[in-house]
Amino acid sequence: MSFFSSQKKREYAAIFDIESGSVGGSMVALEHGGKPEILFSSRNVFPVPAKLAYERYFSLLISSLEKIIADMQRKALKRPKHIYISLPSVLHLSALRVLRKKEDTPILVTKKSLAGMVGEAPKTPEATGSDSYLPPETPTSTIERQVIGIKLNGYDVANPYEKRATEVELTLYESITEELIMKKIATSVGGLFHSEHITFFTSMLAVYSALREVLPEMDNYLVLDVTGEVTDVIVVARKGLASTFSIPFGAHALVRSIGVARGTNSDEGLLTLKLYTNAYSTDEHRESLAPALVEAEKKWGDYISRVLEFVRAECCAAHRVFIIADSASGPVFSTWMERLLLARKGRGTDLSLPGEFSPTVTRLDESLMKSSMREVGAVESDLRLMIAASFVNNSL
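Overview of the structure. Please read these numbers as outputs of a predicted model, since none were measured by experiment. (Residues numbered from 1 in each chain as written. Predicted model: local features only at pLDDT ≥ 70, side-chain atom pairs only at ≥ 80, totals over all residues. Heavy atoms only, no water.)

### Details of the pairing of strand β8 (residues 163-178)
Burial analysis of β8 places twelve of its 16 residues in the buried class, the great majority of the element. One ladder, built from eleven bridges, connects strand β6 (residues 140-152) with β8; its direction is antiparallel. Across the sheet, the residue bridging to K151 is E169, located in β8. (Buried < 20%, exposed > 50% of the residue type's maximum accessible area, 1.4 Å probe, protein only. Helix = DSSP H or I, 4+ residues; strand = E, 2+ residues; numbered from the N terminus. Pairing = 2+ DSSP bridges.)

Below, the structure written as structure tokens:
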């Protein structure tokens with residue numbers, strides 16, 4: 001049940017990926033039934049405020065969007081027919097909901113009947129905790145209200161239409177954001193491109209959908225996206241989206257905590273972290289950073305442990321743990337996750353499969369998406385923009 005549409009086989013689109021400390025932008029040639037071609041790719045990183053100051057963050061976000069659009073226009077790229085914008089978890093609230101319908105006698109399943117089930121459900125998601133910039137009690141707008149899984153009589157089906165069943169179960173993904181956020185972003189981006197064809201979506205749904213395409217053999221796994229202010233956790237069970245979490249500690253929080261511990265700022269904290277993960281860093285440098293990292297690991301580990309308890313008790317055994325991270329923080333978070341799984345295994349509370357096989361921790365990079373798209377040789381590779389391009393193209 002796609003919320004994107006396309007009348008032509010190939011069209012040009014501008015795709016933006018907004019994160020809590022950066023904005024990425026790309027110009028993409030979309031092709032229904034084919035692979036997207038990334039013609040331009042750029043990311044602008046901005047300093048993360050010491051406190052989650054909404055107005056300051058939003059000002060930096062808009063400035064970054066305008067800068068990337070100016071770069072696109074200077075390169076005389078084709079004017080996009082459509083604009084797609086991915087919002088991070090700090091700018092939206094989301095929830096998964098299961099809708100069920102049971103009848104005594106088999107009923108015919110149609111697009112109209114499924115749409116009716118969705119339409120009868122309340123439209124405000126029961127949002128789970130997220131370290132969000134959203135001010136309380138403000139008017140909201142719906143970003144997505146999308147069916148991402150269908151079961152008939154307890155079995156997953158890809159095409160349920162014109163089939164009969166006594167039980168119908170829909171998994172509905174919903175997300176909302178502050179109404180003013182969408183208006184401000186749409187006005188800024190649409191005005192510069194002179195376009196009103198703007199579609200918003202959430203990064204969590206894009207990541208899940210893209211990985212489902214490139215990892216079709218994987219049934220149960222976790223995805224940890226630590227690239228921003230928070231860590232977004234995606235739980236996949238039996239190839240379906242089982243749950244999502246956002247915990248208030250990601251790469252930016254790590255960098256900031258290092259800066260504070262050393263009496264400097266986030267920029268110095270990032271340089272320190274890069275040196276720490278560099279193969280040529282000295283023992284003295286690594287030892288000096290150890291206290292800050294120990295404290296940060298405990299804080300992040302406590303949050304992740306709660307997620308793992310849910311996965312173990314309520315969901316499934318995870319075959320793999322995938323981490324999306326930058327080159328500076330990726331090795332640190334990967335090591336923390338490996339240590340946490342090892343410690344839980346020792347206590348008998350691991351996520352192991354039958355035979356005591358512990359899940360493997362793998363850090364994802366741009367190579368994951370190479371087979372799903374075409375790139376112009378000189379274009380900079382950006383994993384998040386590649387994921388967004390794949391998601392949009394598959395939704396045509």
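### A closer look at the pattern of salt bridges
Scanning the entire structure with this criterion turns up 21 salt bridges. With a shortest N-O distance of 3.0 Å, R10 and E37 are connected by a salt bridge. Of this pair, R10 sits in strand β1 (residues 10-18) while E37 is found in strand β3 (residues 37-45), placing the two residues 27 residues apart along the sequence. Here R10 falls in the partly exposed class, since its relative accessible area comes to 35%. Taking relative accessible area as the criterion, E37 reaches 18% and is therefore assigned buried. Taking the shortest distance from any N to any O, the salt bridge between E229 and R256 comes out at 2.4 Å. Here R256 lies in helix α5 (residues 251-261) and E229 lies in the loop between β10 (221-225) and β11 (231-237), a separation of 27 residues in the sequence. Under the relative-accessibility criterion, E229 is labelled buried at 3%. R256 sits in the buried class, given a relative accessible area of 15%. What you see here is one network of salt bridges that share partners, running through D17, E19, R43, D225, D382 and R384. (Salt bridge = Lys/Arg side-chain N within 4 Å of Asp/Glu carboxyl O.)

### A closer look at the sheet that holds strand β14 (residues 360-364)
The strand order across the open sheet formed by five strands is β12-β11-β10-β13-β14, and the pairing between neighbours is mixed. What marks the edges here is a single partner per strand, and that holds for β12 (240-247) and β14. In this sheet, adjacent strand axes meet at a mean angle of 20 degrees when their direction is disregarded. In the packing of helix α4 (residues 203-214) onto the sheet, the strands contacted are β10, β11, β12, β13 (320-324) and β14, and the crossing angle to β11 comes to about 40 degrees. (Axes fitted to C-alpha atoms, helices over the stretch in contact; angles between N-to-C directions. Contact = heavy atoms within 4.5 Å.)

### A closer look at helix α6 (residues 266-277)
For an α-helix the count is 3.6 residues per turn, leaving residues at separations of three or four pointing the same way. In this model α6 runs 16 Å from its N-terminal to its C-terminal C-alpha over twelve residues, within 8% of the 16 Å that 1.5 Å per residue would give. Buried residues of α6: G269, T272, L273 and Y276, and no others. For α6, the buried positions fall inside an angular range of 100 degrees around the axis, keeping them on one side. Away from its buried face, by an angle of more than 90 degrees, α6 presents the exposed residues D267 and L271. (Expected span 1.5 Å × (residues − 1). Arc of directions from axis to C-beta.)

### As for the environment of F46
Along the polypeptide, F46 turns up in the loop between β3 and α1 (54-74). Since its relative accessible area comes to 6%, F46 is described here as buried. Residues F46 and S63 lie 17 residues apart in sequence; the distance between their C-alpha atoms is 9.5 Å. Filtering out sequence-adjacent residues up to four positions away, F46 remains in contact with E19, S20, G21, S22, V23, Y57, L60, L61 and S64.

### Thoughts on α5
The element α5 is extensively covered by neighbouring structure, given that eight of its eleven residues are classed as buried. Of the positions making up α5, those classed as buried are A251, H252, A253, L254, V255, R256, I258 and G259. One or two positions beyond α5, positive phi appears at G263, with a value near 70 degrees.

### What to know about the packing of aromatic side chains
Applying the stated rule across the entire model yields eight aromatic pairs. Ring geometry for Y221 against F322: centres 5.6 Å apart, planes inclined by 80 degrees, an arrangement best described as edge-to-face. Linking Y221 in strand β10 with F322 in strand β13, this pair joins segments that are 101 residues apart in sequence. Both residues of the pair, Y221 and F322, belong to the buried class. Ring geometry for W300 versus W336: centroids 5.8 Å apart, planes at 45 degrees, classification tilted. Of this pair, W300 sits in helix α7 (residues 283-315) while W336 is found in helix α8 (residues 330-346), placing the two residues 36 residues apart along the sequence. For the pair W300 and W336, one class covers both residues: buried. Through a chain of ring-to-ring contacts, three or more aromatic side chains come together here, namely W300, F333 and W336. (Phe/Tyr/Trp six-rings, centres within 6.5 Å; stacked < 30°, edge-to-face > 60°.)

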